[in-house]
Structure formats: structure tokens, C-alpha cells
Amino acid sequence: CLKCVSACKETNELEMDVPRIWQKNDGLSAENWTSIIQKPGNHFIRKQCRHCLEPACVTACPVGALHKTNEGAVVYDSSICLGCRYCMMACPYGIPRYDWDEPVPYVRKCILCYNDIKNGEQPACTKICPEGATIFGERNELIKIAHKRIEENPDKYINKVWGEHEIGGTNVLYLSDIDLGFLAYQTHLGKEPLEETT
């Protein structure tokens, strides 16, 4: 229904996107922090920052413009950013996007509605979802819910929680009846976090 996409744009005051020929064809940009990818068989998959438990973008940033919060969100401070784009190269999911429309362009990405979650609210995308396809909560509790859904509906889902283990784990988790490996920019993600840079 794209309500999550609209809610994200409204909450984060994102402008209309100007597609560029060099952009990845996944709907994300400096002005679109969440998107819906349609796959054959009437599958709709939301793509956004995975908010990794040990984010490669944070370790790649030479000035600390990206940092992981206690709430789990990976946030960005443009006042520190050099615009080097190391985070874009480091992210295994290809999430951070360059803001080509700004005179001094920087990187932009989903921040999990950080100001809302630190005040005890939920992100706009989960708050607006009319079907409960996207939910918000503590990671460990969400993993329990995910495994329970798989157990109760073995014919509905692949027996896997995407984000539970890949590259050390992520705070955004997925259940699906199709392989979601295509969401990763880098293929064959192992269970270990990506190496830190110095």
C-alpha cells in the first residue's frame, strides 16, 4: 500500500525524489529512505537501513558522522560528515545514498525515526502499517515472535529470520516465503560482522 513509504517521507520531511540514471534500481535515494520492491508472484518487500548490531558504515566513517545509538538506530550527523562516501562502500546492504541535489552533498539514510524511538514511540513506518506486516519492538522479543510465526505457519514462511545472524545481526528483521538474499548488496553474507577499518 506504500503507506510506510509516505509516512517516512512526511515524518522526515523528505522532498520528492529526482531519479538519477546511476541510482540503484531499488527505490532508495537521499530523499527515499524506505521503499517497496516488487518481485514476481505478488511479493512486496520493504527495503530500508537494517540498523546492524555492528554496523560497517560506522566503522568505515573516518570522522564519526555515523554512530550506533543505545536504542539500536544507526544515525547520521551531517555537520561532521566529510562526504567521502566510505559508508556507502562499506554497507553490505547498499543503503546510504548521496544527496546529489545539495550544493555540499552528504550521505542520507533511514535513522529509524530516532527522535521518536528515544521518546518511547515507534517509527512512522511501523506506526502506520494497517496490516501489521511491519512491527516494532525489542529485538529479542521480535526474534521470538518471528520463530513462533514460522513454527505456526511452516508452509507460509521459509524457516529463516533474515537479520538474526547475518554479519553479526541486524535490528531490522524479515520473514518471507522467498529468499531475500537479493536485499544484500554483497552476496553470501556470513554470520561474522564485517571487519573494522582503521
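This structure is a prediction, so every number in the text was calculated from the model and none was measured.

Participant: Any chance you could break down the pairing of strand 1 (residues 35–39) for me, citing the residues and the numbers?
Facilitator: Pairing analysis gives five bridges linking strand 1 to strand 2 (residues 43–47), with the strands arranged antiparallel. Among the inter-strand pairings, K39 is bridged to a residue of strand 2, identified as H43. The hairpin formed by strand 1 and strand 2 contains three residues between the paired strands, and G41 there has a positive phi angle of roughly 85°.

Participant: Explain the packing of aromatic side chains to me, using residue names and the numbers behind them.
Facilitator: For the coordinates displayed, the defined rule picks out one aromatic pair. Sitting above the plane of the Y98 ring, R85 keeps its charged end 4.2 Å from the centroid.

Participant: Give a description of the pattern of salt bridges that names residues and reports values.
Facilitator: Counted under the stated rule, the structure contains seven salt bridges. Between K148 and E152 there is a salt bridge; the shortest N-O distance is 3.8 Å. Of this pair, K148 and E152 both sit in helix 6 (residues 139–152), four residues apart, which is roughly one turn of the helix. Here the two residues K148 and E152 agree in accessibility, since each one is exposed. Residue E166 is joined to K160 by a salt bridge in which the shortest nitrogen-to-oxygen separation is 2.7 Å. One network of salt bridges, in which partners are shared, links D26, K47 and R97.

Participant: Which residues make up the confidence of the model for the protein, and what are the values?
Facilitator: On average, residues of the protein carry a pLDDT of 90, and 89% of them reach 70 or more. Per-element confidence in the protein is highest for helix 6, whose mean pLDDT is 97, and lowest for strand 5 (residues 97–98), whose mean pLDDT is 91.

Participant: Describe helix 1 (residues 3–11), and please don't skip the residues or the numbers.
Facilitator: Of all the residues in helix 1, the buried ones are C4, V5, A7, C8 and K9. Here the buried face of helix 1 lies against strand 1, strand 2 and helix 5 (124–128). One or two steps after helix 1, the chain reaches E13, where phi turns positive at roughly 50°.

Participant: How would you summarise the nonpolar core if you had to cite specific residues and measurements?
Facilitator: In this structure, C8, L14, L28, W33, C49, C52, C91, Y93, I95, C110, I167 and A184 together form the largest nonpolar core, which totals twelve residues. Excluding anything up to four places from it in sequence, L14 contacts C8, K9, A30, E31, W33 and R108. Within the second largest apolar cluster, ten residues are counted, among which are L66, Y76, C81 and C87.

Participant: Can you explain helix 6? Please cite residues and give values.
Facilitator: End to end, helix 6 covers 20 Å across 14 residues, agreeing with the expected 20 Å (1.5 Å per residue, within 8%). Of all the residues in helix 6, the buried ones are R139, L142, I143, A146 and I150. Down the axis of helix 6, the buried set is contained in an arc of 105°. They therefore lie on one face. Exposed residues pointing more than 90 degrees away from the buried face of helix 6 are listed as N140, K144, K148, E151 and E152.

About the criteria used
- Residues numbered from 1 in each chain as written.
- Predicted model: local features only at pLDDT ≥ 70, side-chain atom pairs only at ≥ 80, totals over all residues.
- Heavy atoms only, no water.
- Pairing = 2+ DSSP bridges.
- Helix = DSSP H or I, 4+ residues; strand = E, 2+ residues; numbered from the N terminus.
- Phe/Tyr/Trp six-rings, centres within 6.5 Å; stacked < 30°, edge-to-face > 60°.
- Lys NZ or Arg CZ within 6 Å of the ring centre and 35° of its normal.
- Salt bridge = Lys/Arg side-chain N within 4 Å of Asp/Glu carboxyl O.
- Buried < 20%, exposed > 50% of the residue type's maximum accessible area, 1.4 Å probe, protein only.
- pLDDT = per-residue confidence, 0-100.
- Contact = heavy atoms within 4.5 Å.
- Core = buried A, V, L, I, M, F, W, Y, C linked by side-chain atoms within 4.5 Å.
- Expected span 1.5 Å × (residues − 1).
- Arc of directions from axis to C-beta.

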